[in-house]
Amino acid sequence: TFAAGKPDKKFTEMKFNLKGHAAMLGANTMWGLMSPVSKLIMASGAVSPFVMTDLRVGGAMLLFWIASLFQKPEHVSPKDMVTLFFASLFAIVLNQGCFILGVSMSSPTDASIITTSMPLWAMVLAAYILKEPVTGKKVAGIACGAGGALMLILGSSANGSAASSGSGTAIRGDLLVLFAQFCYAFYIVYYKDFVRKYSLFTTMKWLFTYAFICILPFSADDLMATRWNELTPQTIAGILFIVIGATFISYMLIVIGQKNLRPTVAGMYNYVQPVVACIVAICCGMESLNLIKAAAVVLIFTGVYLVTASKSRQDLENHDADPLKKTDSLL
């Protein structure tokens, strides 16, 4: 359906939505792959968690600056530079810093379970900040996704993962991981409109520059102590994947998803990460496919569908403006 040579509005919106869904799926797939790759790198003892974080942020910063040289220069106002600094704190510094510190104090199983809270934070913050409606479909979708993710995580932990000790240190670690999820959810909700203001490379190069400056003082000692000449080709390849794929490319895809999807929908793709980790474990022979894992995957993608199909604020405003639709369900 085209008029006067222009695409139909619904067709254009569908195109943008597909672009956003593909971007979020790609980013979270690479983040899911990053978990087993990071474990292999850390197991070698050659690189500490803080050094790995510094390599991620510093490497991505350099790549975004290089990429920005191939586009028309953009002037960023001093006010927006301040906004970019605070966006960097929530999106990268507090999110990654609190997560790494929290995981070191808690158990991997507890940390994985707590990461499923991010879409819930996104829904609550979107309702408060953007006035997005909390509908039945949205709640049901988040519940389905969380249930599927927990089935995968708890099923894997039953095969031998260590449980949390319940000590004060573990509780503080759990709270730090929870705060990390809140920070990232706050970023995708509060800065949703701001990321549209400048090009992708301009936004990301400043986010990662601020993040690198903030993180460097905490990781400088570990960087100096790292024996770079002892890194194996496998370790270097893993680091390159994390820097280029799971950071540089993934954060580009996140901005694309952030521009084209509602925050709650974008947040739902967080549940893809345990699915990817599970598939990798099955392919490597570390786990086997069973009915519970298959059901968990179905639940996760059912949850994504329900949240995507739920009504947005604009949908409800259009609904209220049309008296013929007032008898329709608000789900």
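For the structure itself, look to the data block above.
1. Some words on the overall build of the chain
Thought 1: In terms of helices and strands, the chain carries 13 helices and two strands.
Thought 2: The buried share among the 331 residues of the chain stands at 46%.
Thought 3: A separation threshold of at least 6 residues defines the contact pool for the chain, and within that pool the share at least 24 residues apart is 89%.
Thought 4: Carbon together with sulfur atoms contributes 69% to the accessible area of the chain, which is approximately 16800 Å² in total.

2. Things to note about the side chain of Thr235
Thought 1: Position of Thr235 relative to the elements: it lies in helix H9 (residues 233–260).
Thought 2: The contact partners of Thr235, leaving out residues within four places of it in the chain, are Ile41 and Ser44.

3. So, the packing of helix H2 (residues 49–68) against H9
Thought 1: The interhelical angle for the contact between H2 and H9, taken along N-to-C directions, is 55°, at an axis separation of 9 Å. What the angle tells us is that H2 and H9 run oblique. The handedness of the crossing between H2 and H9 comes out as right-handed. Together, Met52, Leu55, Arg56, Gly59, Ala60, Leu63, Phe64 and Ala67 of H2 and Ile239, Ile242, Val243, Ile244, Ala246, Thr247, Phe248, Tyr251 and Met252 of H9 make up the contact between the two elements.

4. Some thoughts on the pattern of salt bridges
Thought 1: Applying the stated criterion to the full structure yields two salt bridges.
Thought 2: Two residues, Lys197 and Asp80, come together in a salt bridge whose shortest N-O distance is 2.9 Å. Residue Lys197 is found in the loop between helix H7 (168–190) and helix H8 (200–225), and its partner Asp80 is found in helix H3 (residues 78–105); the two are separated by 117 residues along the sequence.
Thought 3: Using a relative accessible area of 51% as the deciding quantity, one classes Lys197 as exposed.
Thought 4: Residue class for Asp80 comes out buried when judged on its relative accessible area of 5%.
Thought 5: With its nearest N and O atoms 3.6 Å apart, the salt bridge here joins Arg227 to Glu230.
Thought 6: Residue Arg227 is classed as exposed on the basis of its relative accessible area of 56%.
Thought 7: Classification of Glu230 as partly exposed rests on a relative accessible area of 49%.

5. Quick word on the packing of H8 against H9
Helix-helix packing is characterised by the crossing angle of the two axes and by the distance between the axes.
Thought 1: Relative to each other, H8 and H9 sit at 125°, their axes nearing to 11 Å. On the basis of the axis angle, H8 is oblique to H9. The handedness of the crossing between H8 and H9 is right-handed. Facing H8, whose interface residues are Leu200, Phe201, Met204 and Phe208, H9 presents Thr247, Phe248, Tyr251, Met252, Val255, Ile256 and Lys259.

6. A closer look at the side chain of Gln258
Thought 1: Its place among the elements puts Gln258 in helix H9.
Thought 2: Given a relative accessible area of 3%, Gln258 falls into the buried group.
Thought 3: Every residue in contact with Gln258, bar those within four places of it in the chain, is listed here: Tyr187, Ile188, Tyr191, Lys192 and Val195.

7. Description of the environment of Cys278
Thought 1: Assignment of secondary structure puts Cys278 in helix H11 (residues 272–283).
Thought 2: C-alpha of Cys278 to C-alpha of Gly32: the two residues are 246 residues apart in sequence and 8.9 Å apart in space.

8. Quick notes on the environment of Phe186
Thought 1: Looking at where Phe186 falls in the secondary structure, it is placed in helix H7.
Thought 2: Residue classification places Phe186 among the buried residues on the basis of a relative accessible area of 16%.
Thought 3: With 96 residues separating them in the primary sequence, Phe186 and Phe90 have C-alpha atoms 7.2 Å apart.

9. Considering unusual backbone geometry
Thought 1: Not every positive phi belongs to a glycine, and Lys131 is a case in point at roughly 60°.
Thought 2: Tracing the backbone through its elements, the reader meets Lys131 in the loop between helix H5 (118–129) and helix H6 (136–157).

10. Quick look at the nonpolar core
Thought 1: Ranked by internal contacts, the top residues of the largest apolar core, which has 74 residues, are Phe64, Ile92, Tyr187, Met204 and Phe208.
Thought 2: When neighbours within four sequence positions are excluded, Phe64 is seen to be in contact with Leu200, Phe201, Met204, Lys205, Phe208, Phe248, Tyr251 and Met252.

Cut-offs applied
Residues numbered from 1 in each chain as written. Predicted model: local features only at pLDDT ≥ 70, side-chain atom pairs only at ≥ 80, totals over all residues. Heavy atoms only, no water. Helix = DSSP H or I, 4+ residues; strand = E, 2+ residues; numbered from the N terminus. Buried < 20%, exposed > 50% of the residue type's maximum accessible area, 1.4 Å probe, protein only. Contact = heavy atoms within 4.5 Å. Areas by Shrake-Rupley, 256 points an atom, 1.4 Å probe, with all protein chains shown as cover. Axes fitted to C-alpha atoms, helices over the stretch in contact; angles between N-to-C directions. Parallel < 35°, antiparallel > 145°, perpendicular 65-115°, else oblique. Left-handed = near helix turned anticlockwise from the far one by under 90°. Salt bridge = Lys/Arg side-chain N within 4 Å of Asp/Glu carboxyl O. Core = buried A, V, L, I, M, F, W, Y, C linked by side-chain atoms within 4.5 Å.

Without other data, these values stay purely geometric and don't point to any function.
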